[in-house]
Structure formats: structure tokens, C-alpha cells
Amino acid sequence: MDNLETVIKKHALINAVTHDGKADEKAVLKKIIAEVQEVKEAIKNPEERDKIFSLVKDIIEEINRLSFDEQREILAREYGITLEDIMEEKSKKTRVGLPPLPNVDKLEKVVTRFAPAPSGALHLGQLIRAAFLSYLYARMYDGKFILRIEDTDPKRIKRVYYDWILEDLKAVGIEWDELVYESDHFETYYEYTRKLFEMGRAYVCTCTADEFKAYKENKTACPHRNTMDKVEYWEKMLNGEFKEGEAVIRLKTDMAHPNPALRDPPLLRIIDSVPHPRTGYKYRVYPLYNYACALEDHMSGVTHVIRGKEHETNEMIQKEIYRAFGWEPPITIQYGMLRLPEAKIHKRHIRAALREGKITGWHDVTLPTIRALLRRGIHPEALKKMALHVGMTKSDATISLETLYAFNRRVLSPIAKRISFVEDPFTVKIYGIPKEKIDVKMPWIPENESAGHRYYRLDTVKENEENVLYVYLSSTDAELLDRAWRNEAIVRLKDLLNFTIEKIDTDTKTIIAKFHSFSLIPGTSKLHWVPYGDLAINARVIMPDGSLRTGLVELLAQQLTVGEYVQLERY
């Protein structure tokens, strides 16, 4: 096992760059055991197992002390592996991708749609499949992509959500060819409903929910099926002769159908207790989801509907509506359900958290909503890559935000500006500086000279005839600093200088250090830092769990503008 350290280091680096810069010991051990046959045998011996586990732990701790950029650089330099290689390999293993759409050769134009309801902010589950895949398929075939706002339930929708849907889709790069509001088509829905009555395919039902459930279970028609199936009863609903909750329009199907959901499904109901955000109290009879969906897909000439398999029953009801009118239904492509273990993805969970005061709004950083993810610095291109990665798998899938983060790092690494933030800082006094002033130049973006640099002129102070430089270090590095002190190891301030530690006072959060050199020394621990005094600004960082971390950020952070992508060094 001469090369064991090399193999451990490789897998620790791979695991680190795909998991927010922090390698996981158990995951790395699994890789080592799978790759090195001798390890499988050795771990059967308790003494050898402890040695191997200890070695893995030490190497992982060393890797986790590096910045993400340093981890990527070492992985590429020593092993010839890039983050792009890793993510592409993962995609090959897990992605079905975008298979060709059926019957495209028989169509003049592919037409897809994304139809969200303005009942809350868009979330990750809606975006990476229903929205992105419908959009990408339309672009793949040079077809038409329709954004349709399903606003036929005034009790569930709010005006602000209309705007959010448009804002969020534009923010992630989804542009629609046509924007449709279902509420613009109420008169058209009424015309089609009149036709159903004239064809003898619809009736007004005044049964209670429990009464109709009993008829449905017994596979028998309700008394109104053949007595209230005339146009005059439809007009009574429109004229206000029935109150909210007293009557619905049902489609005549087969009350003996094997699937109970297809036994005379409801099409329209009365809502006059609340105004509609766009039409006020102008209308009182509103189409239910399946009716509006079927009519809109037909009117818009939608050729392919891309939806989750949880809509199987809805699809069957919509086909019954198509059959009643003698229309050809669109082709449906179903995908499996998505689960996100790190967060509640459904709007009902978010609404409950809002009611209970557990979150600050739909943009709260703990949420998987698009506006929250964008606020956290998730790049639109990362969301698109996530959509392609998940693809059109028909089986249910569990997705992780870690995968999204990995795509995000891949996108942001070449474009995100770097700045230093030190949490709950220590003050470091470095004695023996050979200069009175130190000019330090740090790249805004490593390996991108065109992005420019941050420049600081650091003044030293005279103490006992020595030049002393003050800087701030993060308390999160306390363990590393303590180990360096005890081992008399050299520590490097990134892009600045090397020093050794002479004393650590945890009560006053002060470190006394001795200047060593300016030149980079291979193998030394590199720490990010913030200049002292007026070159530092108080700062707060909102963490993914919503908690706040306080500390200091370097002065030039004030040059950053709203909307810029930033990577905090080693944070």
C-alpha cells in the first residue's frame, strides 16, 4: 500500500470540491476500500484499521483547511482531474437527459407550455422540470414556448405572485414566446360550456359532496344528471340563482367507469365571496383546473405536455374533456416526482411556515424558492445545468442541494470576486516586519488578470524598536492556529507573508506572532485575513439555515455592487 496516501488525497480532494470544500470521512473511506484491494484485507485487523482510519482523518483535515480554489488547483495539477470532469461523470451516471419528443416529424411546430398558478413563488421543483424542460424542448425543436398563468381560483391567488413568476423566469433566462392569462378567457370557457350542454354532455349538480360521493361509490347517476342538463340551468348558475357551494357543472361520462375519478368529474363551480385579482367580481362561475387546462391546451395548440406523473389522474380527466368535444389530446410526457431532503419544497409547507412565523418571506434563504436561491448567489446557469442533470427520468428522484451547489461552484469559480470575511475575529500582532509599509496586491478573481486586483497599503507600528503589523484572523481557524503554535509550524497569510506563533491568548482573542518571510513556502497552511483598523468593516453573513454570523470584511467589499457574485475566501 505504498501509494495509499496518494489515493486518499485524491478522493479527499474529489469529495471536497463537490461538497462545498469539505470532504466527508465516511465517503472517502468507502472510495478507498472500493479502490484498494489491500485496504479491504487490512481493515479486518483492528490495529491496521485504526492506522488507516487515522491516516484518512489526518489527510482530510489537511485538505479541508485549504480554500476551494486551492483544492481545485491541487486536484488538477497532481491528478489531472477537474471539477468539470467530475460533474460530467456524475451526469453520465444519473441523467437520462432529454430524449427526442415523440411524433415530432408529424407536426408543423412543437408547442410546449409551463402553467404555474400565482399562488406563491416558484420553487426548485417547478423550475428544473416543468419550466426548464418545457422551455428547452421548445428551443430544441425551434418551436413555441407558452407561459400560461393558471389564475382560475381567486381564493388561492394573489396579485404579487403574477409579477414574481415573470421576474423569476426572466432572472433564470427563460423567455416565453407567448404569455397567456387564463382569466382573460372566462367568456370563452362559458361558450364551450354552453356547447357541452347543447350536446347533452354536461349538467348542473346540486348534490352535497357526501351525497355525490355515495352515488359515485355505488356507480349510479345522481338525480340531476338527466333533469338539470339543459342550457337554462347553466344560465341560472351564471345569473346568480345558485349560491357559492350550492352547485357545480359536471361532465357526463360513465358512472360505472372503473376509475372513480372519471365518474362525472366537476368542470366549473361558483365563487363569489372574494374578488379575482384581475377581474374583480365580474365573474362568479370559475373553471376548475382540469377544465381550464384542457381548453387552454386545445386553444393554444399545445402539442406536448411535460408534467409529473402525479398528474396521471388529471390527465385522464382532461382526456375525457377532449373526448367530449371530439378533439385530439396533446402528447403527454411524464416524469417522476422530485424529493428534496434538505428543504420543504411544496407551497403548502412554505405557507404553513409563513403563518407560524418561522420564515421571513418567500425569499427566505432557507427556502428552495427561485428568488431565495438567486438571493443566495445560485447562478441561473447552475439551475439550467441542474435541470439537464435531472433530465426526464420517469422514476421518482431524490435531488440534493449539494448537487446544485457543485454546479454553482463550477459556474461561479471563473467569475465570482473573492473577498475575505473573518468571523468573531482574533487580533494578530506580527513582530519583526522588515518594512514600515507593506503594499499587498490580491486578485479579485484568481487566474483572471482582467478582473483586476484589490490593493492595500498596510502600515506597521513601532513597538520596542520593532515594526509590528496588525491583522484580523477568523476564530474558525482557532484549532489550526493552536496546532501550528504547539508544533512551531509556519503559517501563511494568503498573498501576504509567513509567520510563526509565539503566544495565543483566547481570553483577549490576541495572537502574538513573529515574522518569518514573504515568499510562498510550499506545504504551509494558508489563512485568509482582513486588514486592521479602518481597513475593516463590520459585516454579517446570512447562512443557509437562516442564522447570522458576525465579523469583519475587508474595506474594498464596499466597491461591490448589488447583484455581483462574491466568494468569501475559505468560507
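Scroll up to find the structure.
Note that the structure is a prediction, hence the values are computed from the model and not measured.

**Observations concerning the overall build of the protein chain**
Within the protein chain one finds 18 helices and 26 strands. The C-alpha radius of gyration of the protein chain comes to 31 Å, more than 25% above the 25 Å expected for a compact globule of 571 residues. Dimensions of the protein chain along its principal axes, counting C-alpha atoms only, are 105 × 55 × 45 Å. When the accessible area of the protein chain is evaluated, it comes to approximately 27,400 Å², of which 48% is carbon and sulfur surface. Of the side-chain charges in the protein chain, 86 are positive and 87 negative, and the distance between the mean point of each set is 3 Å.

**So, the packing of helix H1 (residues 4-17) against helix H4 (residues 46-64)**
Orientation of H1 relative to H4, taken along the N-to-C sense of each, is 45 degrees, at an axis distance of 9 Å. One element, H1, and the other, H4, form an angle in the oblique class. The way H1 lies across H4 gives a crossing that is right-handed. Seen from H1, the contacting residues are Leu4, Glu5, Ile8, Lys9, Ala12, Leu13 and Ala16; seen from H4, they are Ile52, Leu55, Val56, Ile59, Ile60, Ile63 and Asn64.

**Quick notes on the pairing of strand S14 (residues 426-431)**
For S14, the tally of buried residues reaches six of six residues, placing the bulk of the element in the interior. Where burial is concerned, the two faces of S14 agree: the one with Phe426, Val428 and Ile430 and the one with Thr427, Lys429 and Tyr431 are both buried. Sheet topology places S14 next to strand S18 (residues 466-473); six bridges connect them, and they run antiparallel. Note on S18: the bridge partner recorded for Phe426 is Leu473. Across five bridges, the pairing between S14 and strand S21 (residues 510-517) is parallel. From the neighbouring strand, Lys429 faces S21, where its bridge partner is Ile512.

**Some details on the side chain of Glu569**
Mapping Glu569 onto the fold places it in the segment after strand S26 (566-568). With relative accessibility at 4%, the residue Glu569 sits in the buried group. Beyond its immediate stretch of four places on either side in the chain, Glu569 contacts Arg418, Ile419, Ser420, Arg454, Lys494 and His528.

**Focus: unusual backbone geometry**
A positive phi angle is found at Asp264, which is not glycine, with a value near 45 degrees. Mapped onto the secondary structure, Asp264 falls in the loop between strand S5 (248-251) and strand S6 (266-270). One non-glycine residue, Lys509, lies in the positive phi region at around 55 degrees. Its place among the elements puts Lys509 in the loop between strand S20 (497-505) and S21.

**Re the packing of aromatic side chains**
Evaluation of the coordinates by the stated rule reveals 18 aromatic pairs. Geometrically, the ring pair formed by Tyr135 and Phe145 is edge-to-face, given 5.6 Å between the ring centres and 75 degrees between the ring planes. On the criterion of sequence distance, the pair formed by Tyr135 in helix H7 (residues 124-140) and Phe145 in strand S2 (residues 144-149) is long-range, its members being ten residues apart. Residue classification places Phe145 among the buried residues on the basis of a relative accessible area of 0%. Relative to Tyr532, the ring of Tyr470 lies with its centre 4.9 Å away and its plane at 40 degrees, an arrangement referred to as tilted.

**Brief notes about the pattern of salt bridges**
Scanning the model with the defined rule gives 39 salt bridges in all. Between Lys10 and Glu35 there is a salt bridge, with its nearest N and O atoms 3.4 Å apart. With Lys10 in helix H1 and Glu35 in helix H2 (residues 25-35), this pair connects stretches of sequence that are 25 residues apart. Here Arg148 ties to Glu182 by a salt bridge, and the two come within 3.1 Å at their closest N and O atoms. Separated by 34 residues along the polypeptide, Arg148 in strand S2 and Glu182 in the loop between strand S3 (178-181) and helix H9 (186-198) bring together distant segments of the chain.

**Comments concerning the sheet that holds strand S4 (residues 202-205)**
In space, the four strands of this open sheet follow the order S4-S5-S6-S7, with antiparallel pairing throughout. With one partner strand each, in any of the chains shown, S4 and strand S7 (285-287) form the two edges of the open sheet. Across this sheet, the average inter-strand angle for adjacent strands is 25 degrees, counted without regard to direction. Across three bridges, the pairing between S5 and S6 is antiparallel. Opposite Ile249, over in S6, you have Leu268 as the bridge partner.

**Concerning the state of the cysteines**
Going through the model one piece at a time under the given rule, you end up with zero disulfides. Not part of a disulfide, Cys222 finds its nearest cysteine sulfur in Cys205, a span of 4.0 Å.

**Focus: the sheet that holds S3**
What the three strands build is an open sheet, ordered S1-S2-S3; its pairing is parallel. Strands with a single pairing partner mark the edges of an open sheet, and in this sheet they are strand S1 (111-114) and S3. Within the sheet, the average angular offset between the axes of one strand and its neighbour, ignoring direction, is 25 degrees. Pairing geometry for S2 and S3, over four bridges, is parallel. Within S3, the residue paired with Ile149 across the bridge is Tyr181.

**Concerning the nonpolar core**
Core analysis: the largest hydrophobic core is formed by 49 residues, its most contacted members being Leu124, Leu127, Phe132, Leu169, Ile174, Leu383 and Leu404. Secondary structure elements with two or more residues in this core: H7, S2, helix H8 (159-171), strand S9 (331-335), helix H15 (370-375), helix H16 (380-390) and helix H17 (401-412). Of the residues forming this core, the biggest block, eleven residues, is contributed by H7. Membership of the second largest hydrophobic core comes to 38 residues, among which are Ile438, Met442, Ile504 and Met543.

**Describing helix H18 (residues 478-486)**
Inspection of H18 places Leu480, Leu481 and Ala484 among the buried residues, and these make up the whole buried set. On an axial view of H18, the arc spanned by its buried residues comes to 95 degrees, and they lie on one face. Looking at H18, the residues exposed on the side facing more than 90 degrees away from the buried face are Glu479 and Arg486. Looking at the buried positions of H18, the neighbouring elements they touch are S18, strand S19 (490-493), S20, S21 and strand S22 (525-527). The positive-phi residue at the C-terminal boundary of H18 is Glu488, with phi of around 55 degrees.

Here is what the cut-offs are and how they apply
- Residues numbered from 1 in each chain as written.
- Predicted model: local features only at pLDDT ≥ 70, side-chain atom pairs only at ≥ 80, totals over all residues.
- Heavy atoms only, no water.
- Helix = DSSP H or I, 4+ residues; strand = E, 2+ residues; numbered from the N terminus.
- Rg over C-alpha atoms; globule rule 2.2 N^0.38 Å.
- Areas by Shrake-Rupley, 256 points an atom, 1.4 Å probe, with all protein chains shown as cover.
- Lys, Arg positive; Asp, Glu negative; His and termini not counted.
- Charge placed at Lys NZ, Arg CZ, Asp CG, Glu CD.
- Axes fitted to C-alpha atoms, helices over the stretch in contact; angles between N-to-C directions.
- Parallel < 35°, antiparallel > 145°, perpendicular 65-115°, else oblique.
- Left-handed = near helix turned anticlockwise from the far one by under 90°.
- Contact = heavy atoms within 4.5 Å.
- Buried < 20%, exposed > 50% of the residue type's maximum accessible area, 1.4 Å probe, protein only.
- Pairing = 2+ DSSP bridges.
- Phe/Tyr/Trp six-rings, centres within 6.5 Å; stacked < 30°, edge-to-face > 60°.
- Salt bridge = Lys/Arg side-chain N within 4 Å of Asp/Glu carboxyl O.
- Disulfide = S-S within 2.5 Å.
- Core = buried A, V, L, I, M, F, W, Y, C linked by side-chain atoms within 4.5 Å.
- Arc of directions from axis to C-beta.

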